[in-house]
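Residue-level structure breakdown
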Amino acid sequence: MSEVALARRIYDVWKALPTHNPLVQCLTNTVVQGFSANVLLAAGASPAMVDVPGEAGDFAAISSATLINLGTIGTSQQLAIPEAAQSAHHSQTPWVLDPVAVGALKVRTRLAHELLNYRPTVIRGNASEIIALCGGAAARGADSTAQVQDAHGSAIELAKKHKTVVAVSGSADFITDGERHYQCANGHAIQTKVTGSGCALGAGIGACVSVTEDTLWGTVAAHAVYGIAAQQAQEVSAGPGTFAANFLDALANVSEDDVERLLAVRQLATDKE
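Residues numbered from 1 in each chain as written. Predicted model: local features only at pLDDT ≥ 70, side-chain atom pairs only at ≥ 80, totals over all residues. Heavy atoms only, no water.

This brings us to the sheet that holds strand E9 (residues 265-268). Hydrogen bonding along the main chain pairs the strands of a sheet, whether they run parallel or antiparallel. If you trace the nine strands from one edge of the open sheet to the other, you get E2-E1-E3-E4-E5-E6-E7-E8-E9, paired in mixed fashion. In this open sheet, the two strands that pair with only one neighbour each are strand E2 (46-48) and E9. Between one strand axis and the next, the sheet turns by 20° as a mean value, whatever way the strands run. With four bridges joining them, strand E7 (residues 173-176) and strand E8 (residues 181-184) adopt antiparallel strand pairing. In the strand pairing of E8, Thr 176 is matched with His 181. (Pairing = 2+ DSSP bridges. Helix = DSSP H or I, 4+ residues; strand = E, 2+ residues; numbered from the N terminus. Axes fitted to C-alpha atoms, helices over the stretch in contact; angles between N-to-C directions.)

Encoded structure:
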């Protein structure tokens, strides 16, 4: 596929969001709820933070997509999260698992492995989280102590075993469905200085996979456009505070020309590349 065709295909997914206005249920950590909601609105989707036991499952069944982020899991969320995952699985609602700090903390590690039974549509995390979810060494909280390339094998194994798409975040993201593998180098280091940047991407992935039949492609598109918006926002920002606001503006205004100029996505030929 030519670079122009690749950019056009990615932008086609992104421009479908305002047209379809997908309703994305977010069971996410309390630190990032507002930012995640604003990211979805900027992209053309609609957020719904429905994480109450007894309601979460019902809402997952009618949502366009569901995000489950294990960043803060109080007693109530520990009840609502499996309910939502089970409902999404049974109703065929695409859902995204973000296994924050899995491997480092026992409650969320147990919960993350339980959630795998409900076949997440996409799993996204840093390299340490993906390795730990696959049964490897524990991560250090929400921070990654491994490099993206260290997690390639674990990501492919998870994708094949659970019939899902796995995205490993880092300076160059690795995205795989077990057979096809993409690298996305869009983005900027300042994103690590803004709370919720990665968590909100999980919500964006949910929105994108809900408007395309190819889950891998929807996941690649979310990473690419999100990263391109970050690059544009950084150019006009004085620091992380102004970046957060400028990022939302950039996300709302990404054009096909922007994608063609800045896209840094390539398909990897082998599992070990």
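Let's pick the thread back up.
Looking now at empty space enclosed by the protein. Considering all chains together, one arrives at one cavity of 30 Å³ or more under this definition. Elements supplying a minimum of two residues to the lining of the largest cavity: helix H1 (3-20) and helix H2 (33-43). Per element, the largest residue contribution to the lining of the largest cavity is three residues, and it comes from H2. Taken together, the residues that form the lining of the largest cavity break down as seven nonpolar, one polar and no charged. (1 Å grid on protein atoms, 1.4 Å probe; cavity = no way out; pocket = protein on both sides within 12 Å on 5 of 7 lines; lining within 4 Å. Points joined across faces, edges and corners; volume = space filled by probe spheres on them. Nonpolar A, V, L, I, M, F, W, Y, C, P; charged D, E, K, R; others polar.)

Below, the discussion takes up the packing of H2 against helix H8 (residues 197-209). Between H2 and H8, the shortest axis-to-axis distance is 9 Å and the interhelical angle comes to 40°. Taken together, H2 and H8 sit at an angle that is classed as oblique. Regarding H2 and H8, the two cross each other, and that crossing is right-handed. Of H8, the residues touching H2 (which contributes Phe 35, Ser 36, Val 39 and Leu 40) are Ser 197, Cys 199, Ala 200, Ala 203, Gly 204 and Ala 207. The residue makeup of the contact of H2 with H8, split by class, is seven nonpolar, three polar and no charged. (Parallel < 35°, antiparallel > 145°, perpendicular 65-115°, else oblique. Left-handed = near helix turned anticlockwise from the far one by under 90°. Contact = heavy atoms within 4.5 Å.)

This part is about the packing of H1 against helix H9 (residues 215-235). For the pair H1 and H9, the least separation of the axes is 9 Å and the interaxial angle reads 95°. With respect to H9, the axis of H1 lies roughly perpendicular. Across from Leu 6, Arg 9, Ile 10, Val 13 and Trp 14 in H1, the residues of H9 making contact are Trp 217, Gly 218, Val 220, Ala 221, Ala 224 and Val 225.

Estimated volume of the largest pocket: approximately 1200 Å³. Residue lining of the largest pocket: 41 residues in total, with Arg 124, Ser 169, Gln 191, Thr 192 and Gly 198 positioned closest to the centre. When contributions to the lining of the largest pocket are tallied by element, the ones reaching two or more residues are strand E5 (122-126), helix H6 (127-133), H8 and H9. Counting residues per element, the lining of the largest pocket draws most heavily on H8, which supplies four residues. Of the residues in the lining of the largest pocket, the class split is 14 nonpolar, 22 polar and five charged. Taken as a whole, the second largest pocket spans an internal volume of roughly 200 Å³. Lining the second largest pocket are 15 residues, and of these Arg 119, Pro 120, Thr 121, Lys 163 and Thr 215 lie nearest its centre.

What follows is about unusual backbone geometry. The phi dihedral of Asn 21 is positive, around 45°, even though this residue is not glycine. When you line up the elements, Asn 21 lands in the loop between H1 and strand E1 (23-27).

All quantities given are derived from atomic positions and should not be read as evidence of function.
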